[in-house]
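Observations on the model geometry
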Amino acid sequence: DTAVSQTPKYLVTQMGNDKSIKCEQNLGHDTMYWYKQDSKKFLKIMFSYNNKELIINETVPNRFSPKSPDKAHLNLHINSLELGDSAVYFCASSQDLTFGDRGTVRYGYTFGSGTRLTVV
Amino acid sequence: RKEVEQDPGPFNVPEGATVAFNCTYSNSASQSFFWYRQDCRKEPKLLMSVYSSGNEDGRFTAQLNRASQYISLLIRDSKLSDSATYLCVVKSETGGGNKLTFGTGTQLKVEL
């Protein structure tokens with residue numbers, strides 16, 4: 001079973017359209033994220049949700065609206081798509097873990113396989 | 001200045017070589033540090049965490065210098081399958097949550 005699955009894998013659409021990307025995780029993690037990787041391969045956080053509550057919004061245009069119906073799902077809706085939105089969008093989930101013998105907090109952070117969005 | 005900086009490479013090395021990647025970060029309040037690996041057109045995957053005392057996982061050794069805000073990754077006896085982009089990643093707290101900040105990655109090509 002895929003731990004973090006996102007659909008669609010590829011999305012080609014015209015400027016001005018509205019589209020959604022869906023993400024689901026079956027790991028029981030409390031926190032989910034959307035990351036964007038642009039043409040220069042730079043991976044940057046967009047949003048973070050913890051138990052359906054938005055906790056990080058990294059100055060993303062309000063054309064991007066995440067929705068978390070439950071802690072296993074985090075969908076991303078994009079209105080009025082622009083050429084500059086073309087990128088690979090990665091969903092991820094995490095759960096902080098205590099690594100007792102070192103007293104260090106490790107974490108489980110798993111990425112989905114990405115959605116390649118091309119706006120033409 | 002970028003929050004996490006890496007030399008983009010590419011590093012072209014022969015099989016069996018030892019290669020070292022460096023990374024610097026700007027947020028002194030960063031809590032945790034990692035190296036991720038990303039293959040072409042794939043998602044990033046955790047390679048290893050980086051501890052202050054330094055840690056090793058097989059052919060891979062990671063070091064952290066908090067005073068200099070510097071992280072390194074050493075790969076010994078490079079294999080063809082090590083060819084990928086290596087991402088330096090820093091975890092920090094922000095606004096009640098935590099986030100990973102990625103470097104732009106260093107590309108490694110291991111050749112015959």
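The structure presented is a predicted model; accordingly, all values stated were derived computationally and were not measured.

The subject of this paragraph is empty space enclosed by the protein. Residues and elements named next belong to chain B. Taken as a whole and judged by the stated rule, the model has one cavity of 30 Å³ or more. Each pocket or cavity is described by its volume, and for the largest cavity that value is around 40 Å³. Lining the largest cavity are Glu3, Val4, Tyr25, Ser26, Asn27, Ser30, Val90, Ser92 and Thr101. Here the residues of the lining of the largest cavity are counted per class, giving three nonpolar, five polar and one charged.

Scanning the model with the defined rule gives 14 aromatic pairs over all chains in all. With a centroid separation of 5.3 Å and an interplanar angle of 35°, the aromatic rings of phenylalanine 21 of chain B and tyrosine 86 of chain B are classed as tilted. With phenylalanine 21 of chain B in strand E3 (residues 19-25) and tyrosine 86 of chain B in strand E9 (residues 84-94), this residue pair connects regions lying 65 residues apart in the sequence. We classify tyrosine 86 of chain B as buried; its relative accessible area is 0%. An aromatic cluster of at least three residues, connected via ring pairs, comprises Tyr33, Tyr35, Phe90, Tyr109 and Phe111 of chain A together with Tyr36 and Phe102 of chain B.

Another aspect to go through is the layout of surface pockets. Considered as a void within the structure, the largest pocket measures approximately 670 Å³ in volume. What lines the largest pocket is a set of 30 residues, among which Gln37, Lys41 and Arg116 of chain A together with Cys40 and Arg41 of chain B lie closest to the centre. Counting residues per element, the ones that place at least two in the lining of the largest pocket are strand E9 (87-99) and strand E11 (115-119) of chain A together with E9 of chain B. Looking at which element gives the most residues to the lining of the largest pocket, the answer is E11 of chain A, with four residues. Counted as a void, the second largest pocket has a volume near 200 Å³. Around the second largest pocket, the lining comprises 14 residues; the ones closest to its centre are Lys36, Lys44, Ile45, Met46 and Val60 of chain A. Mapped onto the lining of the second largest pocket, the elements with two or more residues apiece are strand E4 (31-37) and strand E5 (43-50) of chain A. When residues of the lining of the second largest pocket are assigned to their parent elements, the largest contribution, three residues, is made by E5 of chain A. Split by residue class, the lining of the second largest pocket holds six nonpolar, two polar and six charged.

This part takes up the interface of chain A and chain B. Interface size is often expressed as the accessible area that is lost when the parts come together. Taken together, the contacts link 23 residues of chain A with 23 residues of chain B. Interface of chain A and chain B: buried area, both sides summed, is about 2,000 Å²; carbon and sulfur atoms make up 51% of it. Along the contact surface separating chain A from chain B lie one salt bridge. Where chain A touches chain B, the interface holds three residue pairs in polar contact (both at pLDDT 80 or more). When residues of the side of chain A that touches chain B are traced back to their parent elements, those giving at least two are E4, E5, strand E6 (53-57), E9 and strand E10 (104-111) of chain A. Here the side of chain A that touches chain B gets six residues from one element, more than from any other, and that element is E10 of chain A. Residue composition of the side of chain A that touches chain B, by class: 13 nonpolar, four polar and six charged.

With that out of the way, let us pick up the nonpolar core. Core analysis: the biggest nonpolar cluster contains 23 residues, and Phe21, Trp35, Ile71, Leu73, Ile75, Tyr86 and Leu108 of chain B have the highest contact counts within it. At the level of secondary structure, the elements contributing two or more residues to this core comprise E3, strand E4 (32-38), strand E5 (45-50), strand E7 (60-65), strand E8 (70-75), E9 and strand E11 (106-111) of chain B. Core analysis: the second largest hydrophobic core is formed by 20 residues, Met32, Trp34, Tyr49 and Phe64 of chain A among them.

A word on the state of the cysteines. In a disulfide, the sulfur atoms of two cysteines are held together by a covalent bond. All names here are of chain A. Taken as a whole and assessed by the stated rule, the structure comprises two disulfides over all chains. Here cysteine 23 engages in a disulfide with cysteine 91; their sulfurs sit 1.8 Å apart. In this structure the cystine formed by cysteine 23 and cysteine 91 twists about its S-S bond by roughly -80°; its chirality is therefore left-handed. Of this pair, cysteine 23 sits in strand E3 (residues 19-25) while cysteine 91 sits in strand E9, placing them 68 residues apart in sequence.

Moving on: the pattern of salt bridges. Counted according to the given criterion, the structure contains eight salt bridges over all chains. The partner of lysine 99 of chain B in a salt bridge is glutamate 58 of chain A, with the nearest N and O atoms 3.2 Å apart. Residue lysine 99 of chain B is found in strand E10 (residues 97-102), and its partner glutamate 58 of chain A is found in the loop between E6 and strand E7 (64-70); the two belong to separate chains. Residue lysine 99 of chain B is classed as buried on the basis of its relative accessible area of 8%. Sharing partners across several salt bridges, the network here consists of Arg63, Glu82 and Asp85 of chain A.

Conventions used here
Residues numbered from 1 in each chain as written. Chains lettered and ligands numbered in written order. Predicted model: local features only at pLDDT ≥ 70, side-chain atom pairs only at ≥ 80, totals over all residues. Heavy atoms only, no water. 1 Å grid on protein atoms, 1.4 Å probe; cavity = no way out; pocket = protein on both sides within 12 Å on 5 of 7 lines; lining within 4 Å. Points joined across faces, edges and corners; volume = space filled by probe spheres on them. Nonpolar A, V, L, I, M, F, W, Y, C, P; charged D, E, K, R; others polar. Phe/Tyr/Trp six-rings, centres within 6.5 Å; stacked < 30°, edge-to-face > 60°. Helix = DSSP H or I, 4+ residues; strand = E, 2+ residues; numbered from the N terminus. Buried < 20%, exposed > 50% of the residue type's maximum accessible area, 1.4 Å probe, protein only. Contact = heavy atoms within 4.5 Å. Buried area = accessible area lost by both parts, 1.4 Å probe. Salt bridge = Lys/Arg side-chain N within 4 Å of Asp/Glu carboxyl O. Polar contact = N/O pair within 3.5 Å; in protein donor to acceptor, adjacent residues only side chain to side chain. Core = buried A, V, L, I, M, F, W, Y, C linked by side-chain atoms within 4.5 Å. Disulfide = S-S within 2.5 Å.

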